[in-house]
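A closer look at the structure
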Protein chains: 2
Amino acid sequence: MTTSGFPPSAETREQAGLLALVRDEGPMARVELGERLGVPRARLAAEITRLAEGGLVESGGPAASRGGRRSTLVRLADDLRFLGVDVGATSVGVAVTDGRCEVLAHAVEECDVRRGPVPVLDRVEQLAAKVLQDAPGRLAGAGIGLPGPVSFRDGMPVAPPIMPGWDRFPVRDRLAGHWGCAVTVDNDVNVMALGERHAGVAKSLDDLIFVKVGTGIGGGIVVGGRVYRGVAGTAGDIGHIKLDDYGPACACGEAGCLEAYFGGAALARDALTLARSGRSPYLAELLADRPVLTARDVAEAAQAGDFAAVTLVREGGRRLGQVIASLVSFLNPGMVVIGGGVSRLGHTLLAEVRSSVYRRSLPLATGNLPIVLSELGDQAGVIGAAWLASDHAFSVPA
Amino acid sequence: MTTSGFPPSAETREQAGLLALVRDEGPMARVELGERLGVPRARLAAEITRLAEGGLVESGGPAASRGGRRSTLVRLADDLRFLGVDVGATSVGVAVTDGRCEVLAHAVEECDVRRGPVPVLDRVEQLAAKVLQDAPGRLAGAGIGLPGPVSFRDGMPVAPPIMPGWDRFPVRDRLAGHWGCAVTVDNDVNVMALGERHAGVAKSLDDLIFVKVGTGIGGGIVVGGRVYRGVAGTAGDIGHIKLDDYGPACACGEAGCLEAYFGGAALARDALTLARSGRSPYLAELLADRPVLTARDVAEAAQAGDFAAVTLVREGGRRLGQVIASLVSFLNPGMVVIGGGVSRLGHTLLAEVRSSVYRRSLPLATGNLPIVLSELGDQAGVIGAAWLASDHAFSVPA
């Protein structure tokens, strides 16, 4: 990584504080910046000059008068760009954002992560080139979420169950070399949790659990405003919490895991059974036109009122709720956000989860606990990844 | 609370850092203190003078030579005292420690928490007077752990299930008025977790789960070196995680909670059944001499090899392990410590828990995960409470 020239990053604690403040709250008068950061005027002026020379901030014109001499607004440079990348099990999304992590251009396409790191990262680079063409600027950093356990420190996946060929592949170093900026690699669920916290339903909440139900099931834990990754980086791995020692087989090699009941693959498997047995007329009809069924088909059937599909969603929601209830008792979070593809099952799912959690957890822990669906949907991952990149650029290097 | 005179506390970030350093590592040379804290010599000298004037530190004589001029050792004042109080469901323990939280005198006696706050706190004050007589000094603060949910900020229990009459009783204010020093109130399990982290088996670990199995079952979560209390202060409440909707009735009003299977009361209930039915000859013999049985009797019978008692411990350990496995998957801690009275069940219990967790959680999360018994036993609570008091005294007031 280069530390001179562009991309620049914060050099002092005051610069980092200032950058985060104008990212999170927008253009701010010098006077207010000084007050909020507790930095004397001369010192602040010097820091702003340094940041402006580095191309990170610029003047935003005069501030609204508060009486007395008018102050000038400071804002993030208009041409600052972050890349947010969201690699899912079956898709890749790339967004380019401005300095405040607002999406300027976004491209998503289907892409099987099992093809391996080289073809998938090739596609990521191509999509990035495309979105950067749509919203050109100076790239100050990139973040990427991967669907498996990640060594945050080393910037690479470690023994990821559904990503053959990716184990210890140097994702960060490859992309950093290609883009010429700092790249931060994290687990996809952590990144989605950050997205919802920065720009979605959990805006500015410091303590929350994000639960992703997609092909796999995972959790992201935000504690005191930061993602908690655990000692080996595997915190939030709730998909393999075991509900029944004699339950259905799971991709992880065990049996009875939550994911084996309610992940995307499990729903597809159960949908096929319901269609073939004729218990679900709606799914049987869909199966007549195609070789397999997916979780999306279950959502469609449930929305159309198909009884067997609704029951499937309810049972899954009950099991998911059972696990979430334990986590709520244990961690006492301020919010639970449910996202990922299967969250398209919508309010039927939500109602089941809520009923489980509110019934099973202690009143003190659930009294003010909202359990809600993700607000950002497909964009949670890319926004969170861009935010992670900005968090890196706007921190003082250790 | 008084802020002038004694008890004093840290006034600046540097003073707080210095106090914590000599508490955790013992007497330290001025030269080393300056290096460790990154404080220039003149500034450090001024801060040490202030602390010495306040009676918090004193000179510990010349330091071992590192070549050049000899440096002087700085240590916590010899007559500094903290009180650590551990209120359990059926006992009260009070210890007086030195500034480094080492126990100088400790008194424990049976005391039913259901007698209510006034008689119980009267006993606490009497025991404190006794231990302070055994190890006199200047009281710089006190900490107290209570067996129920606590509002850490308000210093009082909130809707505690097994503490009738204690709801919102101003524990902190009463004791602070009596002792004339700052008092910090927390949940008993959090306090035990801090004790193990400061002086026990989890020494200096930043991320761990402490599980107390006593009359009730609770968890303490240490994240980044600090207790995590959740948004309403109920984090760690694992005793009421539900294992089976149709399980045995629980004191909380629900059914099938972990505590209803394996808390002290549940074990006493099951022991009685085993004794009366004759399935446990050992317990039947004990019951001939007394009106009821306790969890302690189960431990004794299991240690004597009574088959029914061993089976009871194994089944309980399996259920406890099932819950701990979920928490390990979720939080990926660096250690799990099991304490409280029922941990006297010892290695039979530990073996069951370990087997459940190692079998059920992902290899990455359990690879380097020690699951161990509390090292401090009865003293974990009082040491943790004293540490909490020192943490308060050695922090810069907000």
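Residues numbered from 1 in each chain as written. Chains lettered and ligands numbered in written order. Predicted model: local features only at pLDDT ≥ 70, side-chain atom pairs only at ≥ 80, totals over all residues. Heavy atoms only, no water.

In the nomenclature of an unreviewed UniProt entry, chain A corresponds to ROK family transcriptional regulator from the organism Amycolatopsis methanolica 239.

In terms of helices and strands, chain A carries 14 helices and 15 strands. Over its C-alpha trace chain A gives a radius of gyration of 23 Å, about what one expects of a compact globule, namely 21 Å for 398 residues. A principal-axis box enclosing the C-alpha atoms of chain A has dimensions of 75 × 50 × 40 Å. Relative to its full complement of 398 residues, chain A shows a buried share of 57%. Contacts in chain A between residues at least 24 apart in sequence constitute 61% of all its contacts with a sequence separation of at least 6. When the accessible surface of chain A is summed, it comes to about 16,400 Å², and 50% of that surface belongs to carbon and sulfur atoms. One finds the centroid of the 40 positive side-chain charges in chain A at a distance of 4 Å from the centroid of its 44 negative side-chain charges. (Helix = DSSP H or I, 4+ residues; strand = E, 2+ residues; numbered from the N terminus. Rg over C-alpha atoms; globule rule 2.2 N^0.38 Å. Buried < 20%, exposed > 50% of the residue type's maximum accessible area, 1.4 Å probe, protein only. Contact = heavy atoms within 4.5 Å. Areas by Shrake-Rupley, 256 points an atom, 1.4 Å probe, with all protein chains shown as cover. Lys, Arg positive; Asp, Glu negative; His and termini not counted. Charge placed at Lys NZ, Arg CZ, Asp CG, Glu CD.)

So, about the interface of chain A and chain B. Across the boundary between the two partners, chain A contributes 35 residues, which contact 35 residues of chain B. Interface area for chain A against chain B, summed over the two sides, is near 3,300 Å², with a carbon-plus-sulfur share of 61%. At the boundary of chain A and chain B, one finds one salt bridge. For Asp245 of chain A, the salt bridge goes to Arg359 of chain B, with nearest N and O atoms at 4.0 Å. At the boundary of chain A and chain B, one finds 14 residue pairs in polar contact (both at pLDDT 80 or more). (Buried area = accessible area lost by both parts, 1.4 Å probe. Salt bridge = Lys/Arg side-chain N within 4 Å of Asp/Glu carboxyl O. Polar contact = N/O pair within 3.5 Å; in protein donor to acceptor, adjacent residues only side chain to side chain.)

Glancing now at the nonpolar core. Ranked by internal contacts, the top residues of the largest apolar core, which has 102 residues, are Phe262, Leu320 and Ile324 of chain A together with Phe262, Leu320, Ile324 and Leu345 of chain B. The residues touching Leu345 of chain B, leaving out its near neighbours within four places in the chain, are Phe262, Leu267, Val298, Ala299 and Val313 of chain B. Membership of the second largest hydrophobic core comes to 45 residues, among which are Val189, Ala202, Ala380 and Ile383 of chain A. (Core = buried A, V, L, I, M, F, W, Y, C linked by side-chain atoms within 4.5 Å.)

Now for helix H6 (residues 188–199) of chain A. Residue and element names in this part refer to chain A. End to end, H6 covers 16 Å across twelve residues, agreeing with the expected 16 Å (1.5 Å per residue, within 8%). Across the twelve residues of H6, eleven count as buried, placing the element largely inside the fold. Of all the positions in H6, only Asp188, Val189, Asn190, Val191, Met192, Ala193, Leu194, Gly195, Glu196, Arg197 and His198 are classed as buried. The opening residue of H6, the one whose side-chain oxygen lies 2.9 Å from the backbone nitrogen of Val189, is Asn187. (Expected span 1.5 Å × (residues − 1).)

Here we come to the packing of helix H9 (residues 281–289) of chain A against helix H10 (residues 295–303) of chain A. Residue and element names in this part refer to chain A. One can describe the packing of H9 onto H10 by two numbers: an axis separation of 9 Å at closest approach and a directional angle of 135°. If you check the angle between H9 and H10, you find them oblique. Pair H9 / H10 crosses with right-handed handedness. Facing H9, whose interface residues are Tyr282, Leu283 and Leu286, H10 presents Asp297, Val298, Glu300 and Ala301. Its residues placed into classes, the contact of H9 with H10 shows five nonpolar, no polar and two charged. (Axes fitted to C-alpha atoms, helices over the stretch in contact; angles between N-to-C directions. Parallel < 35°, antiparallel > 145°, perpendicular 65-115°, else oblique. Left-handed = near helix turned anticlockwise from the far one by under 90°. Nonpolar A, V, L, I, M, F, W, Y, C, P; charged D, E, K, R; others polar.)

Now for the relation of the copies chain A and chain B. Superposing chain A onto chain B takes a rotation of 180° combined with a translation of 0.0 Å along the rotation axis, leaving an RMSD of 0.0 Å. Expressed as a symmetry operation, the mapping of one chain copy onto the other fits a two-fold axis. When C-alpha positions in chain A are compared against the rotation axis, the closest is assigned to Leu327 of chain A, at 3.8 Å. Looking at chain A, 100% of its interface residues are interface residues in chain B too, so the copies touch through the same face. (Least-squares fit on C-alpha atoms with pLDDT ≥ 70 in both.)

Bringing the sheet that holds strand E1 (residues 28–29) of chain B into the picture now. Residues and elements named next belong to chain B. The antiparallel open sheet is built from three strands, whose spatial order is E1-E3-E2. Strands with a single pairing partner mark the edges of an open sheet, and in this sheet they are E1 and strand E2 (57–62). Where E2 lies against strand E3 (residues 72–76), four bridges are found, and the strand directions are antiparallel. Following the sheet pairing, Val57 is matched in E3 by Leu76. (Pairing = 2+ DSSP bridges.)

Quick look at the pairing of strand E14 (residues 336–339) of chain B now. Residue and element names in this part refer to chain B. The alternating pattern of E14 places Val336 and Ile338 on one face and Val337 and Gly339 on the opposite face, and all of these are buried. Looking at chain direction, strand E11 (residues 208–213) and E14 are connected through four bridges and run parallel. Paired with Ile209 across the two strands is Val336, which belongs to E14.

Moving on: the pairing of E11 of chain B. Residue and element names in this part refer to chain B. In terms of residue burial, E11 counts as a mostly covered element, since six of its six residues are buried. Side chains Leu208, Phe210 and Lys212 of E11 all project onto a buried face; the interleaved residues Ile209, Val211 and Val213 project onto the opposite face, where all are buried too. With antiparallel pairing between neighbouring strands as the criterion, E11 and strand E12 (residues 217–223) make up a hairpin whose turn holds three residues.

Residue and element names in this part refer to chain A. Its identity is not glycine, yet Cys101 carries a phi of approximately 65°, on the positive side. Within the secondary structure layout, Cys101 lies in the loop between strand E5 (91–97) and strand E6 (103–110). With a phi angle near 50°, Asn332 is a residue other than glycine that sits in the positive phi range. Relative to the elements of secondary structure, Asn332 occurs in the loop between helix H11 (307–331) and strand E14 (336–339).

With that out of the way, let us pick up the pattern of salt bridges. Residue and element names in this part refer to chain A. Under the defined criterion, the tally for this structure stands at 49 salt bridges over all chains. For Glu53, the salt bridge goes to Arg50, with nearest N and O atoms at 3.8 Å. Here Glu53 and its partner Arg50 are both found in helix H3 (residues 41–53), three residues apart, which amounts to about one turn of the helix. Of the residues examined, Glu53 reaches a relative accessible area of 58% and is grouped as exposed. Its relative accessible area of 42% is what places Arg50 among the partly exposed residues.

Examined against the element boundaries, Thr234 of chain B turns out to sit in the loop between strand E13 (226–227) and helix H7 (258–262). Take Thr234 of chain B: its relative accessible area is 9%, and that puts it in the buried class. Not counting the four nearest positions on each side in its chain, Thr234 of chain B is found in contact with Ser329, Asn332, Leu364 and Ala365 of chain A together with Arg229 of chain B.

In this section: the sheet that holds strand E12 (residues 217–223) of chain A. Strand pairs in the sheet, formed through backbone hydrogen bonds, run parallel or antiparallel to each other. Residues and elements named next belong to chain A. Taken together, the five strands give an open sheet; going across it, the order is E13-E12-E11-E14-E15, and neighbouring strands pair in mixed fashion. This sheet does not close on itself; its edge strands, each paired only once, are strand E13 (226–227) and strand E15 (371–373). For E12 and E13, the ladder comprises two bridges, and the chain directions are antiparallel. Across the sheet, Val223 pairs through a bridge with Arg226, a residue of E13.

Scanning the model with the defined rule gives two aromatic pairs over all chains in all. An angle of 75° between the planes, with centres 5.8 Å apart, marks the rings of Phe82 of chain B and Phe394 of chain B as edge-to-face. Placement of Phe82 of chain B in strand E4 (residues 80–87) and of Phe394 of chain B in the segment after helix H14 (379–393) is noted, with a sequence separation of 312 residues between them. What makes Phe82 of chain B buried here is its relative accessible area of 0%. Geometry around Phe152 of chain A places Arg229 of chain A over its ring, the cationic atom sitting 3.6 Å from the centre. (Phe/Tyr/Trp six-rings, centres within 6.5 Å; stacked < 30°, edge-to-face > 60°. Lys NZ or Arg CZ within 6 Å of the ring centre and 35° of its normal.)

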